[in-house]
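# Close look at the chain arrangement
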Amino acid sequence: MIDLGIYPGTAELSGDMLSIGGCRIDELAEEYGTPLIVVDEEALRSRAREYVNAFKSRHERSEVLFAAKSFPSASVIKVLSQEGCGVDVASRGELEIALAAGSAPSRMVLHGNAKRDSDISEAIGAGVGYVVIDNLDDVERISRLASKPVPALLRVSPSVAASTHSAMITGQDSSKFGIPSYQVADAIAAIRREPLIDLKGLHAHIGSQVLDLDQFEAEVEALAQYEHFEVYDLGGGLGVRYLSSDVVPSVDDYAECLVKAMHRYFDQNVQIMVEPGRSMIAKQVVTVYQVVTVKRSERVHVAVDGGMSDNLEVSLYGQPFEPAVFNHADQTELVDIVGQHCESGDTLVRDILVRKPSVGDLVVNPVTGAYCYTMRNNYNAALAAPIVFCGGSQSRLAVRRQTYEELLAREVLS
Ligand SMILES: *Cc1c(COP(=O)(O)O)cnc(C)c1O
């Protein structure tokens, strides 16, 4: 019933209990409390190496940048930097986190469709590798804030409507991101008039949770229609398995597709960058909850001690998950697993067969590494969950649980 294939690489069952990095989740829950975000450090490191090797072995001048927004924790970014990844940051805040992680600024790229002066001046001051121009106001801002030429990329719409959830499509001409295809030539000309911008290349990102490699090939083909440059940042977007029934391309297939397409259209010496978020981190993380109540009526509602405060993917994108109950029950039961928040939409999954649950059992939701922690919120004054790294049968706290004092700390009561 439990498919370990969607769990982090070191996940194992010892009897009825799950362990990650050699740490039993019941012991982790006991030590750190629930909800708890568990990162498989070994799996994270090996995924980063897999990504870097997949590209470097096919194209020496390639760079893998982790999209910080998918899991903006300095602890995660530190590990990924140690394994050879750069960082894609989309705000001053993400830049601060990446700098705190010890990542080299020269291996960072600044994105954002609405960068303010402070985002741009901090990034220039830190010496990021490239600032990505998303609109003509960026051109004005960079020119005004720079004191020497700033290496830049221009984000263009590749006019590829990726077949993914509508909220995750970003590469069509009507998108709020980048310059629509028919204005790209004018934008390039406008940038070239600015002596303090050094336009090095183009950037595109077609969307997220993309499972059809042809769409990445179409992206490269679309970029090839513009004037050619020496740097191409192809964005992220590779999809991952959320359900045991999902079939997804491997990182090797993805790298093969992109590099082959780049070699078909561009100079062999071109610099290629990719920016995986979801496909780097999603599978390496699970969320552990405890069952608070089981209500058996028309449906069986198993309510856990978290929900949309730690995972908005379900209500925002309708993302399906496959959580499991870990206990010693022999029987199974068809249940809905719901959160603790005051919204009917606060559901982790409907109609899932699990071991017959009781109050106090542990529920583990796998594949929660991407876009869950980053969209955490304090709905119903829930406290942000801690992050624990596991590996070699040892656990270490990376981010501690928020406290009620912290929730109140910004109130200015008069
Ligand atoms: C969100 C984003 C990414 C990462 O996308 P994933 O689907 O998580 O791989 C990369 N680049 C840009 C510009 C993005 O906006």
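Throughout what follows, the structure given in this document is the object of discussion. In this text the structure is predicted, and so the values were computed from the model without any measurement. (Residues numbered from 1 in each chain as written. Predicted model: local features only at pLDDT ≥ 70, side-chain atom pairs only at ≥ 80, totals over all residues.)

Within the structure, the ligand sits among 17 residues, and A67, S208, G236, G277 and R278 are positioned closest to it. Among the residues making up the shell around the ligand, the classes are represented as four nonpolar, nine polar and four charged. (Near = placed C-beta within 6 Å. Nonpolar A, V, L, I, M, F, W, Y, C, P; charged D, E, K, R; others polar.)

The next point concerns the pairing of strand β9 (residues 150-155). Buried residues dominate β9, accounting for five of its six residues. Bridge count between strand β8 (residues 130-133) and β9: three bridges; the pairing is parallel. Pairing of V132 across the sheet is with L153, part of β9. As a crossover connection, the stretch from β8 through helix α6 (residues 136-145) into β9 is right-handed. Judged from the six bridges that link them, β9 and strand β10 (residues 197-203) form a sheet pairing that is parallel. Counted as the bridge partner of L153 is G201 from β10. (Buried ≥ 20, exposed ≤ 12 C-beta atoms within 10 Å, placed from the backbone. Helix = DSSP H or I, 4+ residues; strand = E, 2+ residues; numbered from the N terminus. Pairing = 2+ DSSP bridges. Right-handed = clockwise from strand over helix to strand, strands pointing away.)

So, about the packing of helix α4 (residues 92-100) against helix α5 (residues 117-126). Between α4 and α5, the shortest axis-to-axis distance is 9 Å and the interhelical angle comes to 25°. Classed by the angle they form, the pair α4 and α5 counts as roughly parallel. Counting all contacts with α4, which are made through R92, L95 and L99, the residues of α5 involved are S118, D119, E122, A123 and A126. Here the residues of the contact of α4 with α5 sort into four nonpolar, one polar and three charged. (Axes fitted to C-alpha atoms, helices over the stretch in contact; angles between N-to-C directions. Parallel < 35°, antiparallel > 145°, perpendicular 65-115°, else oblique. Contact = placed C-beta atoms within 7 Å.)

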